[in-house]
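# Structural characterization, general
Below, each chain spelled out in residue letters.
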Amino acid sequence: FPSGFLWGVGSSAYQTEGAWDKDGKGPSIWDAFTHRKGKVFRNETGDSACDGYYRVQDDIQLLKELKVNHYLLSISWPRIMPTGIKAEQLNEKGIQFYNDTINSLLENNITPIVSLYHWDLPQVLQEKYGGWQNISMINYFNDYANLCFEKFGDRVKHWITFSNPWAVAENGYETGEHAPGLKLGGCGAYKAAHHIIKTHAKVWHSYNNTWRREQRGMVGISLTSGWGEPVDPHSQTDRDAAERYIQFHLGWFANPIYRGDYPEVMKIYVGRKSAQQGLGTSRLPTFSVQEKTYIKGTSDFLGIGHFTTRYVLQKNFPFLQVSGYHTDRDLAELVDPNWPAPGPKWLYSVPWGFRRLLNFIKTQYGNPLIFVTENGVSEAAQCTELCDEGRIHYLKGYINEILKALNDGVNVRAYTAWSLLDKFEWNKGFSEKFGLYHIDFKNKDKPRYPKASADYYKKIISANGFPNPREVENWYRKAMDSCSSTHQHLTADSLITHMEMVTEIVLPTVFTLCILICIVLLIFYLRNHT
């Protein structure tokens with residue numbers, strides 16, 4: 001890779017911090033969502049998650065082991081502003097927590113890349129105003145962002161306004177799979193996205209006008225998108241469907257920011273479906289001329305999250321009274337059964353799709369500066385998998401495609417592996433594991449153990465890429481050897497934890513039962529003698 005290329009790992013606040021109601025933190029929509037039965041796999045919550053709130057120094061030690069250049073973290077809005085409203089309350093303990101975290105990272109020569117929003121909206125704003133359905137979020141979020149610039153901007157030089165806003169809008173306000181769990185038909189996702197895009201632009205302008213000259217930082221957005229490949233590349237209808245797949249996913253947010261408006265194909269398709277429903281206006285909101293000008297150009301870099309690829313073909317959905325995002329696109333998604341799927345069946349390893357996505361961005365948006373903000377794979381094995389061979393092959397394949405994209409002239413400056421730790425995976429609970437480090441969640445201390453992929457990724461960072469095939473193969477063998485010995489430690493630690501549990505729970509229970517039996521026998525004895 002080029003000299004100066006940046007390597008890092010990432011995580012997010014709700015997925016790792018825990019301490020959901022400690023030290024003055026207010027509730028988030030994810031606290032409320034996970035506390036409702038039936039919303040998350042096995043009714044698990046992020047109440048304690050990885051206990052990251054109490055383990056900052058331990059986790060920075062892991063970052064030092066990996067020798068990363070940067071760490072991507074998010075700030076929990078309700079941790080520093082419990083109700084989400086600046087005028088009502090600030091939480092100094094929350095502000096101090098992030099100050100200490102940022103300082104510790106910098107003391108260890110690790111650059112913080114900070115996301116202002118990785119999905120944990122203050123619950124008060126959802127209850128009072130309907131969250132991202134309400135235009136008032138723009139000013140509330142801008143106040144929050146400016147507080148962060150004021151408190152942390154002297155040291156943080158890379159800001160992300162929103163991480164994966166597609167999921168916030170689509171999963172939060174249309175399918176209801178994510179917090180706040182609303183199913184608002186064909187308008188909910190589009191309305192939420194519209195307000196998020198306007199909010200992003202306002203925050204960028206705030207930084208540009210008030211903070212940039214003094215702090216000299218950068219503000220961008222992180223958009224997650226798969227790649228869509230036409231099933232038949234010779235079919236114009238399949239090629240058009242694949243184009244729609246990308247435009248409805250990445251283009252939905254990137255096009256307004258880089259070109260000033262929603263993709264033309266989105267406007268046409270959503271408008272047509274809305275007219276078929278008998279609606280007077282399109283379900284896709286419109287930007288005024290002034291808004292288009294205000295939004296265009298509001299990104300100093302483009303964060304890209306990417307996990308997998310789909311084959312796409314044309315599919316006409318019959319007229320539906322209630323149409324929505326998925327039926328608006330008139331397409332179907334397919335996968336190749338031969339694609340490797342190291343973990344859950346939604347996440348297939350298709351490295352070549354990444355290069356195509358990066359080249360699409362280069363062509364569509366004027367070759368912007370790109371930071372890869374999320375890329376990784378989960379394993380869904382119920383048993384502990386420290387020798388994560390599938391993740392090693394995934395990382396090698398996807399990182400190699402970035403190298404090819406660089407040679408194509410794509411302007412990629414940084415790569416962020418997702419993620420540092422096994423953590424709470426939203427509506428999937430703890431069933432999917434993305435971490436380079438395993439956490440034994442059954443142990444109250446939640447110890448961290450390196451997987452083989454941690455050792456392998458560390459070698460990529462040290463070599464700034466791949467030196468030669470023989471050495472890379474040697475990395476793989478050493479990583480697999482190291483995970484075997486780590487597995488022995490984990491097994492021994494698990495046995496000790498089990499024994500401690502026996503000592504703490506079983507023995508007192510048995511002792512109590514013995515006393516009760518003795519009392520019963522004594523009563524019988526006394527009765528018989530009287």
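Residues numbered from 1 in each chain as written. Predicted model: local features only at pLDDT ≥ 70, side-chain atom pairs only at ≥ 80, totals over all residues. Heavy atoms only, no water.

## Examining the sheet that holds strand S2 (residues 70-74)
The test is simple: Only strands that DSSP links by at least two bridges are regarded as paired with each other. By the criteria applied, helices consist of DSSP H or I runs no shorter than four residues and strands consist of E runs no shorter than two, each listed in order from the N terminus. For every element, the axis is a line fit to its C-alpha atoms; helices are fit only across the contacting stretch, and the angle between N-to-C directions ranges from 0 to 180 degrees.
Spatial ordering of the closed barrel is given by S1-S2-S3-S4-S5-S7-S10-S11, a layout of 8 strands whose pairing is parallel. On average, each strand axis in the sheet is inclined to that of its neighbour by 25 degrees, with strand direction left out of account. As paired elements, strand S10 (residues 370-375) and strand S11 (residues 412-418) share 4 bridges and run parallel to each other. Counted as the bridge partner of Phe371 is Ala414 from S11.

## Brief notes about the packing of helix H9 (residues 188-215) against helix H10 (residues 236-259)
To keep it simple, the criterion reads: The sense of a crossing depends on the near helix, which, turned anticlockwise from the far helix by less than a right angle, makes the crossing left-handed and, turned clockwise, makes it right-handed. A contact between two residues is defined here by any heavy atoms of the two lying within 4.5 Å. In the scheme used here, Gly and all other residues not listed as nonpolar or charged are polar, with Ala, Val, Leu, Ile, Met, Phe, Trp, Tyr, Cys and Pro taken as nonpolar and Asp, Glu, Lys and Arg as charged.
Direction vectors running N to C along H9 and H10 enclose 35 degrees, while the axes themselves pass 10 Å from each other. Viewed along their axes, H9 and H10 form a crossing whose handedness is right-handed. Mapping the contact onto sequence places Ala189, Tyr190, Ala193, Ile197 and His200 in H9 and Phe248, Trp252, Phe253, Pro256 and Ile257 in H10. Here the contact of H9 with H10 is built from residues that sort into 9 nonpolar, 1 polar and no charged.

## Structural notes on empty space enclosed by the protein
Stated formally: A cavity, in this analysis, means grid points on a 1 Å lattice covering only the protein atoms where a 1.4 Å probe fits yet has no way out; a pocket is instead an open set bounded by protein on both sides within 12 Å along at least five of seven lines, and a residue lines either one if it has an atom within 4 Å of a point. Grid points are joined across faces, edges and corners, and a volume is the space filled by probe spheres set on the points.
One pass over the full model with this rule turns up 4 cavities of 30 Å³ or more. Put simply, the largest cavity is a space of about 220 Å³. As for the largest cavity, its lining consists of 18 residues, of which Ser11, Thr16, Gly52, Tyr71 and Thr101 are closest to the centre. Among the secondary structure elements, those contributing two or more residues to the lining of the largest cavity are helix H1 (13-16), helix H3 (56-66), S2 and helix H5 (92-107). For the lining of the largest cavity, a count of residues per class yields 10 nonpolar, 6 polar and 2 charged. Looking at the second largest cavity, its volume works out to about 70 Å³. Forming the walls of the second largest cavity are Ala13, Tyr14, Glu17, Gly18, Trp20, Lys25, Ser28, Asp31, Gly46, Ser76, Arg79 and Asp120. Of the residues assigned to the lining of the second largest cavity, the class counts are 3 nonpolar, 4 polar and 5 charged.

## Digging into the environment of Gly130
When you line up the elements, Gly130 lands in the loop between helix H6 (123-129) and helix H7 (137-152). Non-local contacts of Gly130, meaning those with residues more than four positions away in its chain, are made with Leu125 and Tyr173.

## Overview of the state of the cysteines
To be explicit about the condition: Criterion for a disulfide: a pair of cysteine sulfur atoms within 2.5 Å.
For the structure on display, the rule yields 1 disulfide. The disulfide that involves Cys387 links it to Cys483, with 2.0 Å between the sulfurs. Looking down the S-S bond of the Cys387 and Cys483 bridge, the torsion is 105 degrees, so its handedness is right-handed. Residue Cys387 is found in the loop between S10 and helix H15 (389-407), and its partner Cys483 is found in helix H17 (residues 469-529); the two are separated by 96 residues along the sequence.

## Observations regarding the domain arrangement of the protein chain
What counts here: How far each domain reaches was decided by an automatic or database domain assignment.
Domain parsing of the protein chain yields domain 1 (6-466) and domain 2 (469-529). Each of domain 1 and domain 2 was reduced to a C-alpha centroid, and the two centroids are 38 Å apart.

## Description of the side chain of Thr224
Within the secondary structure layout, Thr224 lies in strand S5 (residues 218-224). The residues touching Thr224, leaving out its near neighbours within four places in the chain, are Asn164, His249, Gly305, Phe307 and Glu374.

## Brief notes about the UniProt feature "active site" (unreviewed entry) in the protein chain
Worth spelling out the cut-off: UniProt positions are given in the numbering used here, feature names are shortened, and annotations may be inferred rather than shown by experiment. Exposure classes here rest on a 1.4 Å probe applied to the protein chains alone. A residue is buried below 20% of its type maximum, exposed above 50%, and partly exposed in between.
Feature annotation in UniProt places "active site" (unreviewed entry) on Glu374, given in this structure's numbering. For Glu374, the location among the structural elements is in strand S10. On the accessibility criterion, Glu374 (7% relative accessible area) is buried. Sequence-distant contacts of Glu374, that is, excluding residues within four places in its chain, are made with His118, Thr224, Ile304, Gly305, His306, Phe307, Thr416 and Trp418.

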